[in-house]
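Commentary on secondary and tertiary structure
Here is what each chain is made of, one letter per residue.
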Amino acid sequence: PTVDLTPVATLGSLDNLPPVFEDFRVGEIRQIQLAEPNGSAVMRLERNATGDGWTAPDLESDIDSEAAQLIAGTVVILPYLDVVPTSPQTNLSAFGFVNTNTEAISIQVTLLDGTRHIIFLGGTNPDGSGFYAIVDQREGFYVLDARPIAFLRQQLRNPPTRLTSD
């Protein structure tokens, strides 16, 4: 299915969906890391020394500050559609949790107080509207809305760097 890459902060239809994380806001984030499971792409955003912006220490160019803020905002409002119950016998590969999944990414968030949250993405649900996800140590697979995941994946694969003039 075609996925809308509009920045999530402007997608009004997400307003009625619950966020995966309800316990923090953008101002409480110290670091965000987006990564592909095979390590082929990694983007780390860190709050700058003054606390009013972002740096991307692994990029060769400066991160676009507006895009970095949109990435952080997307992580904060990251909505889920459903939670699928699991058991110890649940076959992870049936939900796309395999090393060969080219759509998968992981999202790690570290808060100012040291709290860490981790999301591992699997495959898409049957209608393509969401991705199965393992969130922290929570029970069940969350079905995360595909639109913000597509936005985050796009930022990871094509980091939004600021154009500078010499």
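Here the structure is a predicted model, which means the values were calculated and not measured. (Residues numbered from 1 in each chain as written. Predicted model: local features only at pLDDT ≥ 70, side-chain atom pairs only at ≥ 80, totals over all residues. Heavy atoms only, no water.)

Considerations on the environment of E139
Position of E139 among the secondary structure elements: in the loop between β7 (130–135) and β8 (141–145). Overall, E139 belongs to the exposed group, its relative accessible area being 66%. As for E139 and T86, which are separated by 53 residues in sequence, their C-alpha atoms are 7.1 Å apart. (Helix = DSSP H or I, 4+ residues; strand = E, 2+ residues; numbered from the N terminus. Buried < 20%, exposed > 50% of the residue type's maximum accessible area, 1.4 Å probe, protein only.)

Thoughts on the confidence of the model for the chain
On average, residues of the chain score 87 in pLDDT, and 89% of them are at 70 or above. Overall, residues 1–11 carries pLDDT values under 50, and its contacts beyond four positions in sequence, including any with other chains, amount to 20 contacts. (pLDDT = per-residue confidence, 0-100. Contact = heavy atoms within 4.5 Å.)

Focus: a negative patch on the surface
Residues E22, D23, E28 and D113 make up a contiguous surface patch of negative charge. Summarising the element assignment, D113 is placed in the loop between β5 (106–111) and β6 (116–124). (Patch = residues over 30% accessible without salt bridge, like charges linked within 9 Å, V, L, I, M, F, W, Y side chains within 5 Å. Areas by Shrake-Rupley, 256 points an atom, 1.4 Å probe, with all protein chains shown as cover. Salt bridge = Lys/Arg side-chain N within 4 Å of Asp/Glu carboxyl O. Lys, Arg positive; Asp, Glu negative; His and termini not counted. Charge placed at Lys NZ, Arg CZ, Asp CG, Glu CD.)

Looking at the packing of aromatic side chains
Taken as a whole and assessed by the stated rule, the structure comprises 5 aromatic pairs. Here F21 and F24 contribute two aromatic rings whose centre-to-centre distance is 5.4 Å and whose plane-to-plane angle is 35°, an arrangement assigned as tilted. Note on F21: relative accessible area 2%, which makes it buried. With relative accessibility at 2%, the residue F24 sits in the buried group. Judged by centre distance (5.0 Å) and plane angle (45°), the rings of F97 and F141 are tilted. In this pair, F97 is assigned in the loop between β4 (80–84) and β5 and F141 in strand β8, connecting sequence segments 44 residues apart. When its relative accessible area of 16% is taken as the criterion, F97 is described as buried. Residue class for F141 comes out buried when judged on its relative accessible area of 5%. An aromatic cluster is present here, built from F95, F97, Y132 and F141 joined pairwise through their rings. (Phe/Tyr/Trp six-rings, centres within 6.5 Å; stacked < 30°, edge-to-face > 60°.)

Re helix α2 (residues 146–157)
The end-to-end C-alpha distance of α2, which contains 12 residues, comes to 16 Å, matching closely the 16 Å that a straight helix rising 1.5 Å per residue would cover. With 9 of 12 residues buried, α2 lies mostly within the body of the structure. Residues of α2 that are buried include every one of A146, P148, I149, A150, F151, L152, R153, Q155 and L156, and no others. (Expected span 1.5 Å × (residues − 1).)

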